[in-house]
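Spelled out, the chains give:
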Amino acid sequence: MLALICGQGALPGLIARNMSHAPVIAALEQYPPEGLAVDLTFRLETLGTFLEALKKRGVLQVCFAGAIRRPKIDPEQIDAATQPLVAQISGALSGGDDAALRAVVDIFERAGFEVIGFTYLVPELLPLGSVLSIRQPTEQERRDVARAHSVIAGLSALDIGQGCVVASGHVLAVEAFGGTRWMLSSLSTDRPTDWPEGGLLYKAPKEGQERRMDLPAIGPETMEQAARAGLAGVAIAQGGVVALDLPKIIAEADRLGLFLWVCEAEP
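Quick look at the structure, then.

Cut-offs applied
- Residues numbered from 1 in each chain as written.
- Predicted model: local features only at pLDDT ≥ 70, side-chain atom pairs only at ≥ 80, totals over all residues.
- Heavy atoms only, no water.
- Pairing = 2+ DSSP bridges.
- Helix = DSSP H or I, 4+ residues; strand = E, 2+ residues; numbered from the N terminus.
- Patch = residues over 30% accessible without salt bridge, like charges linked within 9 Å, V, L, I, M, F, W, Y side chains within 5 Å.
- Areas by Shrake-Rupley, 256 points an atom, 1.4 Å probe, with all protein chains shown as cover.
- Salt bridge = Lys/Arg side-chain N within 4 Å of Asp/Glu carboxyl O.
- Expected span 1.5 Å × (residues − 1).
- Buried < 20%, exposed > 50% of the residue type's maximum accessible area, 1.4 Å probe, protein only.
- Arc of directions from axis to C-beta.
- Contact = heavy atoms within 4.5 Å.
- Core = buried A, V, L, I, M, F, W, Y, C linked by side-chain atoms within 4.5 Å.

Observations regarding the sheet that holds strand 7 (residues 163-167)
Through backbone hydrogen bonds, the strands of a sheet pair up, either in parallel or in antiparallel fashion.
Next, step 1: Overall, mixed pairing links the 6 strands, which are arranged 6-13-11-9-7-8 in an open sheet. Across the chains shown, the open sheet's two edge strands, defined by having one partner strand only, are strand 6 (130-131) and strand 8 (170-174).
Next, step 2: Bridge analysis of strand 6 against strand 13 (residues 259-263) gives 2 bridges, and the strand direction is antiparallel. Bridging across to strand 13, S130 finds its partner in V262.

Below, the structure written as C-alpha cells:
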C-alpha cells in the first residue's frame, strides 16, 4: 500500500485522481491539501507516532507531493516516539531545501518505507521537449536560456532556488526563499527603467537534487505572472520541471503572446 503525504496546491489531488488504487492520504496538520479527504494528519512533533500509524495500515511506500512551509516546532508537543528523531528533524529545518528533503527521505527510509517520486506515478506531468507555444524564442532568448541554465548550475551547490530571470544576457533575479511568485512580482513592480526589457523565466532542478520529493513546477498562473513581470516567455528543463495542466499552460502562453519552451537540460 502507498501513502500520499500531501502538501498544499493542486498536485496531490492530481496524483490521487490518476492512481489505479486509492492511496492513504496523509498531511501535515498545518498544511491540508485541496479537495482531498485526509485519512491521517500529523505534526512534526508526532512524526514517530505517524510512522507507526502508517505501518499499522500496511503502508510500504510513501510519496510526497505539494507545497509546505517549515513549521515551527513546539518542544512541549514532542511525543516519546518522536524523541529519537528530534536531532534529524532540527537539522532538516535548519538546512537548505534539498538538504532538508534528503533528511526527510532518510527518516522514512530508516523507518522501512520505500520513498518513490510522484513522477513515477504520473509521468505525464513531465512534458516532452519542444517549443509548445505559437511564439518562438528568438536567438537572443535562446542564448538567455543557456545563460540561465549556467546560473542554476552554478548556484546548485548553495542549495538556493530552482529558477532565475535573464534578459539580454543579464541576470535580473534569482529565485530564493520567497519562490517564483515573489521573484516575478518584484520584477513587475520594481524593475528599474534602465534595465533591459523583456527577458525570460527559466526553471530547472538543482544539480544533484533529491528529485523524489521536490521538483520545480509551473502552472497556468506562472504564465500570467511572467506576463505581468514584462517577460517574453518561460523555459523549463525537460524531465526536471512539472507542468500542472499543460493544455491550459500552453493556452495561457498563446493568449498572452509568450513563448513556452521545454528545452534540454543544457540548451
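A few points about a nonpolar patch on the surface
Next, step 1: On the surface, L158, I160, V171 and V174 cluster together into a nonpolar patch covering about 290 Å² of accessible area.
Next, step 2: Mapped onto the elements, I160 comes out in the loop between helix 6 (139-155) and strand 7.

Considering helix 6
Next, step 1: Helix length check: helix 6, at 17 residues, gives a terminal C-alpha distance of 25 Å against a target of 24 Å (1.5 Å per residue), a fit within 8%.
Next, step 2: Every buried residue belonging to helix 6 is among E141, D144, V145, A148, H149, V151 and I152, and all of these are buried. What you see down the axis of helix 6 is that its buried residues fit within an arc of 160°, all on one side. In helix 6, the exposed positions that point more than 90 degrees away from the buried face belong to E139 and G154.
Next, step 3: Contacts from the buried residues of helix 6 go to strand 7, strand 8, strand 9 (200-203), strand 11 (233-237) and strand 13.

Considering the nonpolar core
Next, step 1: Of all hydrophobic cores here, the largest spans 26 residues; its most connected members are L47, F50, L54, V62 and F108.
Next, step 2: Secondary-structure elements contributing two or more residues to this core are strand 1 (2-6), strand 2 (24-28), strand 3 (40-42), helix 2 (47-56), strand 4 (61-65) and helix 4 (97-110).
Next, step 3: When neighbours within four sequence positions are excluded, L47 is seen to be in contact with F42, T82, L85, I89, I107 and F108.
Next, step 4: Grouped together as the second largest cluster of nonpolar side chains are 22 residues, A173, M183, V234 and V262 included.

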